[in-house]
Amino acid sequence: MSIQKVPEKNSVFFVWLNQYAGILLKTPSKTIAIDPVDVKVKSLQNVDAILITHEHYDHLDPRLITEIQKATDCIVIADSASTKKLQYTIPVDKLQEAKPGDELKIGAVKVNVEKCNHAAKAPVTYIVTSEDDVKVYHTADSLPFPELALMGQNEKFDMVFCTVGISPGASAQKGFEIAWLTKPQLAVPYHTASISSQAEFAELLKKELSRTACLIPEQNKIYQVSKRK
Ligand SMILES: [Zn+2]
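So, how was this worked out
- Here the residue numbering is sequential within each chain, running from 1 through the sequence in written order.
- Confidence filtering applies because this is a predicted model: local features only for residues at pLDDT of at least 70, side-chain atom pairs given and counted only at 80 or more, and all residues used for totals across whole chains, interfaces and linings.
- Here the side-chain values reflect all heavy atoms present in the structure, with hydrogen atoms and water set aside.
- Atoms are scored as donors when they are N, O or S and lie within 2.8 Å of the metal, with 3.2 Å used for Na, K and Ca; no water is included, so coordination may look incomplete.
- Metal sites are grouped by the angles between bound donors: all angles between 85 and 135 degrees with four donors is tetrahedral, opposite donors over 155 degrees apart with the others between 65 and 115 is square planar for four donors and octahedral for six, and any other pattern is irregular.
- For two strands to pair, DSSP has to find at least two bridges joining them.
- Numbering of helices and strands starts at the N terminus; helices are DSSP runs of H or I of at least 4 residues and strands are runs of E of at least 2.
- In this analysis, two residues are considered to be in contact whenever any of their non-hydrogen atoms come within 4.5 Å of each other.
- All axes here are fitted lines through C-alpha atoms, helices being fitted over the stretch that makes contact, and every angle between N-to-C directions spans 0 to 180 degrees.
- Each nonpolar core is a collection of buried residues, namely Ala, Val, Leu, Ile, Met, Phe, Trp, Tyr and Cys, held together in the definition by side-chain atoms within 4.5 Å.
- Buried means the residue's accessible area, taken with a 1.4 Å probe over protein chains only, is under 20% of the maximum for its type, while exposed means over 50%, and partly exposed covers the values in between.
- Aromatic contacts are taken between Phe, Tyr and Trp rings whose centres are within 6.5 Å, Trp giving its six-membered ring; a plane angle under 30 degrees counts as stacked, one over 60 as edge-to-face, and the others as tilted.
- For a Lys NZ or an Arg CZ to count as sitting over a ring, it must be within 6 Å of the ring centre and within 35 degrees of the ring normal.
- For salt bridges, the criterion is a side-chain nitrogen of Lys or Arg within 4 Å of an Asp or Glu carboxyl oxygen.

Peer 1: Sorry if this is basic, but what is going on with the coordination of the zinc ion here?
Peer 2: Put simply, the ideal angle at a metal is 109.5 degrees for four donors in tetrahedral geometry and 90 or 180 degrees for six donors in octahedral geometry. Coordination of the zinc ion by the protein is provided by Asp58 (OD), His59 (NE2), Asp141 (OD) and His191 (NE2), with metal-donor distances spanning 1.9 to 2.1 Å. Classification of the site at the zinc ion rests on its four donor atoms, whose angles at the metal span 93 to 148 degrees, yielding the label irregular.

Peer 1: I would appreciate a short explanation of the sheet that holds strand 13 (residues 213-214) in the present structure.
Peer 2: Strand pairing in a sheet is mediated by backbone hydrogen bonds. Such pairs are either parallel or antiparallel. Judged by pairing direction, the sheet is mixed, and its seven strands sit side by side in the order 7-8-9-10-11-12-13 without closing on themselves. Two strands bound the open sheet, and with one partner strand each, they are strand 7 (103-106) and strand 13. In the packing of helix 4 (residues 172-182) onto the sheet, the strands contacted are strand 10 (135-138), strand 11 (159-163) and strand 12 (186-190), and the crossing angle to strand 11 comes to about 155 degrees.

Peer 1: Explain the nonpolar core here, please?
Peer 2: As a rule of thumb, soluble globular proteins bury nonpolar side chains together. Counting 31 residues, the largest nonpolar core has Phe14, Leu51, Ile106 and Met159 as its most contacted members. Those residues in contact with Phe14 that sit more than four places away from it in its chain are Ile23, Leu24, Leu25, Met159, Phe161, Val188, Leu215, Pro217, Lys221, Ile222, Tyr223 and Val225. Formed by 21 residues, the second largest nonpolar core is a distinct cluster that contains Leu17, Val47, Ile52 and Ile90.

Peer 1: Honestly, the packing of aromatic side chains in this entry has me stumped. Any pointers?
Peer 2: Between two aromatic rings, the relevant description is the distance of the centres plus the angle of the planes. In the structure shown here, the tally under the stated rule is five aromatic pairs. With 5.3 Å between their ring centres and 25 degrees between their planes, Phe14 and Tyr223 make a pair best called stacked. You can see Phe14 sitting in strand 1 (residues 11-16) and its partner Tyr223 sitting in strand 14 (residues 222-226), a full 209 residues away along the chain. Classification of Phe14 by relative accessible area gives buried; the value is 0%. Judged by relative accessible area, which is 13%, Tyr223 ranks as buried. Ring geometry for Tyr137 against Phe157: centres 5.0 Å apart, planes inclined by 20 degrees, an arrangement best described as stacked. Taken together, the residues Tyr137 in strand 10 and Phe157 in the loop between helix 3 (148-155) and strand 11 connect sequence positions 20 residues apart. Phe157 shares its class with Tyr137; the two are buried. An aromatic cluster of at least three residues, connected via ring pairs, comprises Phe14, Phe161, Tyr190 and Tyr223. Lys183 extends its terminal NZ or CZ atom over the ring of Trp180, reaching a point 3.9 Å from the ring centre.

Peer 1: Honestly, the sheet that holds strand 14 in this entry has me stumped. Any pointers?
Peer 2: Taken together, the seven strands give an open sheet; going across it, the order is 6-5-4-3-2-1-14, and neighbouring strands pair in mixed fashion. Because the sheet does not close on itself, it has two edges, and the strands there are strand 6 (95-97) and strand 14. Strand-to-strand twist of the sheet, defined as the mean angle between neighbouring strand axes without regard to direction, takes the value 20 degrees. One ladder, built from four bridges, connects strand 4 (residues 49-52) with strand 5 (residues 75-78); its direction is parallel. Its bridge partner lying in strand 5, Ile52 is registered against Ala78.

Peer 1: Got a minute to help me understand unusual backbone geometry in this structure?
Peer 2: Most peptide bonds take the trans form, and the phi angle of most residues other than glycine is negative. Of note, the phi angle at Asp38 is positive, near 55 degrees, even though the residue is not glycine. Looking at the secondary structure, you find Asp38 in the loop between strand 3 (31-34) and strand 4. Here Asp38 falls in the exposed class, since its relative accessible area comes to 59%. The phi dihedral of Ala140 is positive, around 50 degrees, even though this residue is not glycine. Topologically, Ala140 is positioned in the loop between strand 10 and helix 3. Given a relative accessible area of 0%, Ala140 falls into the buried group.

Peer 1: Hey, could you run me through the pattern of salt bridges in this one?
Peer 2: Think of it this way: side chains of opposite charge can pair up when their charged atoms draw near. Considering all chains together, one arrives at seven salt bridges under this definition. Linking Asp73 and Lys94 is a salt bridge whose minimum nitrogen-to-oxygen distance equals 3.5 Å. Placement of Asp73 in the loop between helix 1 (62-72) and strand 5 and of Lys94 in the loop between helix 2 (80-86) and strand 6 is noted, with a sequence separation of 21 residues between them. Given the relative accessible area of 48%, Asp73 is considered partly exposed. Judged by its relative accessible area of 19%, Lys94 is buried.

Below is the structure:
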């Protein structure tokens with residue numbers, strides 16, 4: 001899934017790559033793949049960076065990451081446990097360990113590493129801020145946690161990805177709680193193979209958080225999201 005067009009100013013493109021947390025994000029200057037699994041190497045030809053949130057099979061495929069890195073010479077940013085698994089196949093100057101609190105740069109795109117409420121070794125979540133300040137929060141398959149409320153206030157997210165299934169404890173309700181805490185302009189239910197969980201998430205938003213719009217994504221389709229006014 002490569003995105004040929006360049007997003008307009010103050011916008012980003014995104015594509016949902018699989019039934020998990022696989023997201024391709026394109027800002028005006030950079031293309032970033034987050035947790036890509038179940039995708040073809042040649043469909044991610046133009047990536048500048050890969051971000052990995054944790055070592056579980058539905059987020060990290062070391063062989064795939066190695067092949068994409070070879071083909072593109074991109075940088076790989078990963079949580080500590082995934083970094084360990086990638087250290088023998090990714091060149092040392094291309095592999096960056098990510099810990100909560102870190103602020104990293106991909107050119108003019110900023111990546112803030114945050115905690116993650118998920119039963120993995122050292123899971124993280126990522127706030128990606130585009131060069132024209134579009135704020136996207138990729139929450140991996142985190143369950144809600146209290147700090148999200150303050151992050152939402154401080155960051156004023158344009159888009160937050162919310163897990164609604166295929167993970168211990170995950171549900172439409174828990175995904176909704178992430179949206180409710182972070183209060184983005186746009187909430188996107190993902191990490192599910194169930195249309196009904198996504199629909200339930202949308203209903204909860206409509207009832208309880210009407211100022212946050214819901215986008216139920218189709219896989220492999222390109223969406224443009226603009227900065228809130
Ligand atoms: Zn997962």
